[in-house]
Amino acid sequence: ATSSAARTLVEMLPLKSAMLIKSWQSLLAEVDQKVGVVPELGGTSVGVKRFGPELERRTACKRQFERFWESSYGLALADKSDNPSAKRLLVSELDIDGVKRGPSTAVYACLSSPASMALVERPADGGAWSVLSLPLNPQERKMEVIVAAEAATLESLCRAAEEAGAPSLRVHGAVRVTLAGDDEQLGLSKATEVGGADGEGAVGEWWGCKF
């Protein structure tokens, strides 16, 4: 991967991230309807929707935004309960590949433009950190800027994982399909181990991330 300037990473309260992703959902709907302008009709004209692979990616992004909201709002409710750890186990959106990841999941954000957030599982046993969601402010339309922001966010997460003593960072397959960058740009490589960090017999596709 081409090293990019890592972004300033902060941990964010789940409730705050839920509120932010809710606003991004509205922006995503607007941007998908107004993805460009028709020069002949003036600067405020509405272009056509995105199509082809980019439409597929943004459709995956829409689903990711929905899952991120459900997850972060569920974590926020759990954290306000009398037994946060037990309630976090019940966040169904974070039951991924047969593993209940809620208790170990945190929210990170890079708030420089374009802003990004990430749901990251940080296992208590010191295992690999897992990126479970990585939405980006949908108002940004320039692909090179989107890719650079994705790469910088992943690089920052790699550094945070290393500083915390985690052996590696990995990205879930459901996140990979939402990313605009290719594997080389994002420091990704398909994980080949069976089970891996989730134990023998675990299912799911993962990409290792390294800068």
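Conventions we followed
- Residues numbered from 1 in each chain as written.
- Predicted model: local features only at pLDDT ≥ 70, side-chain atom pairs only at ≥ 80, totals over all residues.
- Heavy atoms only, no water.
- Pairing = 2+ DSSP bridges.
- Helix = DSSP H or I, 4+ residues; strand = E, 2+ residues; numbered from the N terminus.
- Expected span 1.5 Å × (residues − 1).
- Axes fitted to C-alpha atoms, helices over the stretch in contact; angles between N-to-C directions.
- Contact = heavy atoms within 4.5 Å.
- Buried < 20%, exposed > 50% of the residue type's maximum accessible area, 1.4 Å probe, protein only.
- Right-handed = clockwise from strand over helix to strand, strands pointing away.
- Patch = residues over 30% accessible without salt bridge, like charges linked within 9 Å, V, L, I, M, F, W, Y side chains within 5 Å.
- Areas by Shrake-Rupley, 256 points an atom, 1.4 Å probe, with all protein chains shown as cover.
- Salt bridge = Lys/Arg side-chain N within 4 Å of Asp/Glu carboxyl O.

Quick look at the pairing of strand S9 (residues 206-209) now. Pairing geometry for strand S7 (residues 169-172) and S9, over 4 bridges, is antiparallel. The partner of His172 across the bridge, within S9, is Trp206. Relative to S9, strand S8 (residues 188-190) is paired through 3 bridges, and the arrangement is antiparallel. Counted as the bridge partner of Leu188 is Cys209 from S9.

Attention now moves to helix H4 (residues 143-163). In this model H4 runs 30 Å from its N-terminal to its C-terminal C-alpha over 21 residues, within 8% of the 30 Å that 1.5 Å per residue would give. Of the residues trailing H4, Gly165 is marked for its positive phi of about 90°.

A few words on the sheet that holds strand S6 (residues 129-133). Taking strand neighbours across the sheet as the criterion, the 7 strands line up as S1-S4-S5-S6-S7-S9-S8 in an open arrangement whose pairing is mixed. One side of each edge strand has no neighbouring strand; the edge strands of this open sheet are strand S1 (10-12) and S8. Recorded for the sheet is a direction-independent mean angle of 40° between the axes of neighbouring strands. In this structure, S1 lies alongside strand S4 (residues 105-110), joined through 3 bridges in antiparallel fashion. What sits directly across from Glu11, in S4, is Tyr108. Most of the contacts of H4 go to S6, to which it runs at about 145°, and overall it touches S4, strand S5 (116-121), S6, S7, S8 and S9.

Across the two faces of S7 the burial is the same, with Leu169 and Val171 and Arg170 and His172 all buried. When S6 meets S7, the two strands line up parallel, connected through 3 bridges. Bridge pairing in S7 links Ser130 to Arg170. On the question of chirality, the crossover connecting S6 to the parallel S7 by way of H4 is right-handed.

This part takes up a nonpolar patch on the surface. Residues Leu15, Met19, Tyr73 and Leu77 make up a contiguous nonpolar surface patch of about 390 Å² in total accessible area. Those elements that place two or more of their residues in the nonpolar patch are helix H1 (14-33) and helix H2 (52-79). Its location among the elements puts Met19 in helix H1. Met19 gets classed as exposed once you look at its relative accessible area, which sits at 57%.

What follows concerns unusual backbone geometry. Residue Ser113 is joined to Pro114 through a cis peptide bond whose omega torsion reads -5°. Within the element layout of this structure, Pro114 appears in the loop between S4 and S5. Notably, Asp97 is not glycine yet its phi reads approximately 55°, a positive angle. Of note, Asp97 is situated in the loop between strand S2 (95-96) and strand S3 (99-100). Take Asp97: its relative accessible area is 22%, and that puts it in the partly exposed class.

For the coordinates displayed, the defined rule picks out 7 salt bridges. One salt bridge in this structure joins Glu11 and Arg122, with 3.3 Å as the shortest N-O distance. Linking Glu11 in strand S1 with Arg122 in the loop between S5 and S6, this pair joins segments that are 111 residues apart in sequence. Of the charged contacts in the structure, one is a salt bridge between Arg159 and Glu155, with a shortest N-O distance of 3.2 Å. With a gap of 4 residues between them, Arg159 and Glu155 both fall in helix H4, about one helical turn apart.

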